[in-house]
Amino acid sequence: MNHVGHRPIVGGLLGIHALTSLHAGSGAALGTVDLPIQREQQNSWPTIPGSALKGILRDAGREETIKAGRQPNRDSADSDPNILALFGASKKHANTLDESAGALAITDARLLAFPIRSLKGAFAWVTCAAALSRLSRDLMLVGRSVPGIEIANPPCDFHAIVAADSPLLIDGKYLQLDDETYERIDASPSSVGNWIGAALLPELPEYVSTTARLAKHLVVVSDSDFTHIAKYSTEVTARIGLNYETKTVKDGALFYQEFVPTEAIFYSVALVNDSRLTNKDPANKKQPAMELLKYFADRICASNILQIGGDETTGKGLCSIRLWIGDQT
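Within the protein, the regular secondary structure consists of 8 helices and 15 strands. Taken over C-alpha atoms, the radius of gyration comes to 22 Å for the protein, in line with the 20 Å a tight globule of 329 residues would show. Its C-alpha atoms put the protein at 70 × 65 × 35 Å along the principal axes. Looking at the protein alone, contacts between residues at least 24 apart form 69% of all its contacts between residues at least 6 apart. For the protein, the exposed area adds up to about 15,400 Å²; of that, 53% sits on carbon and sulfur atoms.

All right, on to the sheet that holds strand β9 (residues 180-184) then. The strands making up a sheet associate through hydrogen bonds between their backbones, and the pairing can be parallel or antiparallel. Taken together, 3 strands build an open sheet; the order of strands is β7-β9-β8 and the sheet is mixed. A single partner strand is all that each edge strand has here, and the edge strands are β7 (159-160) and β8 (174-177). Direction of pairing for β8 relative to β9: antiparallel, over a ladder of 4 bridges. Considered in β9, the bridge of leucine 175 is made with tyrosine 182.

Here we take up the pattern of salt bridges. With the rule as written, the count across this model stands at 15 salt bridges. Residues arginine 299 and glutamate 64 are paired through a salt bridge, measuring 2.9 Å at the closest nitrogen-oxygen approach. Of this pair, arginine 299 sits in helix α8 (residues 289-300) while glutamate 64 sits in helix α1 (residues 50-67); the two residues are 235 residues apart in sequence, bridging distant segments of the chain. Arginine 299 sits in the partly exposed class, given a relative accessible area of 38%. On the basis of relative accessibility, which here comes to 11%, the residue glutamate 64 falls in the buried class. Aspartate 165 is the salt-bridge partner of lysine 216, the closest N and O atoms lying 3.4 Å from each other. With lysine 216 in helix α6 (residues 208-217) and aspartate 165 in the loop between β7 and β8, the pair connects residues that are 51 residues apart, well separated along the chain. For aspartate 165, a relative accessible area of 48% translates into the label partly exposed. A network of salt bridges, in which partner residues are shared, links Arg58, Asp59, Arg62 and Asp78.

Counting through the fold element by element, aspartate 138 comes out in helix α4 (residues 129-141). There is a polar contact of 2.6 Å between the side chain of aspartate 138 and the side chain of tyrosine 267. Those residues in contact with aspartate 138 that lie beyond four places of it in its chain are Leu13, Arg110, Tyr267 and Val269.

Take α1 next. An α-helical turn contains 3.6 residues, so any two residues separated by three or four positions project in the same direction. Taking 1.5 Å per residue as the helical rise, α1 with its 18 residues ought to reach 26 Å, and the 26 Å between its terminal C-alpha atoms agrees with that figure. Just beyond α1, the residue with positive phi is glycine 69, at close to 80 degrees.

The next point concerns the layout of surface pockets. When its volume is computed, the second largest pocket comes out at roughly 290 Å³. Contributing to the lining of the second largest pocket are 13 residues, with Asp59, Ala60, Glu63, Ile305 and Leu306 lying nearest its centre. Only α1, α8 and β14 (305-307) provide two or more residues apiece to the lining of the second largest pocket. It is α1 that contributes the most residues to the lining of the second largest pocket, 6 residues altogether. Among the residues making up the lining of the second largest pocket, the classes are represented as 5 nonpolar, 2 polar and 6 charged.

Calculation criteria
- Residues numbered from 1 in each chain as written.
- Predicted model: local features only at pLDDT ≥ 70, side-chain atom pairs only at ≥ 80, totals over all residues.
- Heavy atoms only, no water.
- Helix = DSSP H or I, 4+ residues; strand = E, 2+ residues; numbered from the N terminus.
- Rg over C-alpha atoms; globule rule 2.2 N^0.38 Å.
- Contact = heavy atoms within 4.5 Å.
- Areas by Shrake-Rupley, 256 points an atom, 1.4 Å probe, with all protein chains shown as cover.
- Pairing = 2+ DSSP bridges.
- Salt bridge = Lys/Arg side-chain N within 4 Å of Asp/Glu carboxyl O.
- Buried < 20%, exposed > 50% of the residue type's maximum accessible area, 1.4 Å probe, protein only.
- Polar contact = N/O pair within 3.5 Å; in protein donor to acceptor, adjacent residues only side chain to side chain.
- Expected span 1.5 Å × (residues − 1).
- 1 Å grid on protein atoms, 1.4 Å probe; cavity = no way out; pocket = protein on both sides within 12 Å on 5 of 7 lines; lining within 4 Å.
- Points joined across faces, edges and corners; volume = space filled by probe spheres on them.
- Nonpolar A, V, L, I, M, F, W, Y, C, P; charged D, E, K, R; others polar.

Okay, structure coming up:
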């Protein structure tokens, strides 16, 4: 348990695995793509805003309270003591319920492994030393340390760290990722892949093969190669609207939309404080951080599947989630 000032904080990492292409839009076109995804300013890596994640998780919490029979509908679910303590009062109920801030803090989701096509083995998950170093620092935020996460000797450009028995390898020495050739260096990222699979992917029978695959298909490239891949290997799809009578494209109805590809792995840092409720409603007791974290992990994140970003009705943005909290007590 960490402390900020005199407030105890607990938390974990929320693993996010894209099951379908994902569009967390930036809302502004800066180039030829009309609807680009959001990216981090300093490195252009794709990201998912924490504000969007928090809203999605709040909605999952509402659904959980209804399924559990504690509240009859979505409107009343907003006043559920656990939802109120974790997320705070909604704007609709701000004047009638406790106006204290919620106890849950969610960071923007950070890209950890990006999928890219491979000449052998179908596709690879690519990461880099900078992404793994940041993961190590983020683990510190939740009071955890995982040995072996960071890469002591990062590869230089067009070189890669990959398991010696990886099905991605050509003649045991090279990888062909997208249109570039990478030379394998004598090291293995299997321990990193094993931890990511065990901690950030769901503990479900359907994920056993995916977790095993990750260890052999994880590739560590240089920071600059990873940035290039994350910037230029997203999906860009042409979208059109047709004139019903002529079956031709309507004027102004052709546009291009960017997506993070299926199989991308993100994570977000989730921090939980003690409840900040002021007990305006006597039924809302002050809950400790660990009690709220347990509710968040066992009831809200247990749904395993969330829809993130736009284009829900065309099946985009379906993601599996897993909240890893280690052995916090």
